[in-house]
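A structural walkthrough
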Amino acid sequence: MKNKSSDIVTKIIDYFAVKHSRGILINGEDATLKSYFAVSTLIPELQKHEKLKRKNKRIKIIYVSLNNLEEYSQITHQILKQVKTIESEISKISFSFKHFFRIRAVHNKLKCIKKSIVIFDELEKCNININDMLSYIDKFSHRNSLKTIIIANEKNISKLYGSKNFGDRNLE
């Protein structure tokens, strides 16, 4: 597994080193330790890699678990908690969003995460409609010039929604 893990990390780093690359899907079966891989291997390797540094600063990696989330505000809250420079802003922001189109005020608060990498884990376990969730991730990453990694079990998503091929690029 170690060699396969390092191969995946290398492919992700090479992909994100390209200026206009935005998103990638890591697809895997349940119980394959995808979340563990993301937290213990992928995040540390992405943070230390030279190709991904900006102006000699370590790139920000933000990890968001989508497991059992029911509202977009829960996602935004997880992101804000991880961004230390704006942590004090959490109490000032209203989390009463009903639709993802109404998150512009929060995006203004998130300017310090521009050009970061956000990892959205367990997409298939999210309680938000899959099409809405993917649209939210796309708009969120586009507005903030983010690179996005979605970790999911595509087979479970296909079973739930009857669709295939959710990612721009699959690494298996």
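The structure contained in this document is the topic of the report that follows.

Parameters and conventions
- Residues numbered from 1 in each chain as written.
- Predicted model: local features only at pLDDT ≥ 70, side-chain atom pairs only at ≥ 80, totals over all residues.
- Heavy atoms only, no water.
- Helix = DSSP H or I, 4+ residues; strand = E, 2+ residues; numbered from the N terminus.
- Buried < 20%, exposed > 50% of the residue type's maximum accessible area, 1.4 Å probe, protein only.
- Salt bridge = Lys/Arg side-chain N within 4 Å of Asp/Glu carboxyl O.
- Polar contact = N/O pair within 3.5 Å; in protein donor to acceptor, adjacent residues only side chain to side chain.
- Pairing = 2+ DSSP bridges.

Located in the positive-phi region is N68, a residue other than glycine, with phi close to 65°. Mapped onto the fold, N68 is located in the loop between β2 (61-65) and α3 (72-82). In this model, E122 sits at a positive phi of 65°, which is unusual for a non-glycine residue. Locating E122 in the fold gives a position in the loop between β3 (117-121) and α5 (130-143). By relative accessible area, which is 14% here, E122 ends up buried.

What follows deals with the pattern of salt bridges. Under the criterion given, the structure shown has four salt bridges. A salt bridge links R22 to D138, with the shortest nitrogen-to-oxygen separation between them at 2.4 Å. Here R22, found in the loop between α1 (2-17) and β1 (23-27), pairs with D138, found in helix α5; they are 116 residues apart in sequence, far enough to count as distant. A salt bridge links K125 to E122, with the nearest nitrogen and oxygen atoms 3.5 Å apart.

Along the chain, the position of T76 falls in helix α3. Exposure remark for T76: the relative accessible area of 1% places this residue in the buried category. A distance of 3.0 Å separates the side chain of T76 from the side chain of Y136, its partner in a polar contact.

This brings us to the pairing of strand β4 (residues 147-152). Of all six residues in β4, six are buried; the element is thus mostly enclosed. On β4, burial covers both faces: K147, I149 and I151 on one face and T148, I150 and A152 on the other are all buried. Where β1 and β4 come together, five bridges link them in parallel fashion. When the bridges of β4 are listed, G23 appears paired with T148.

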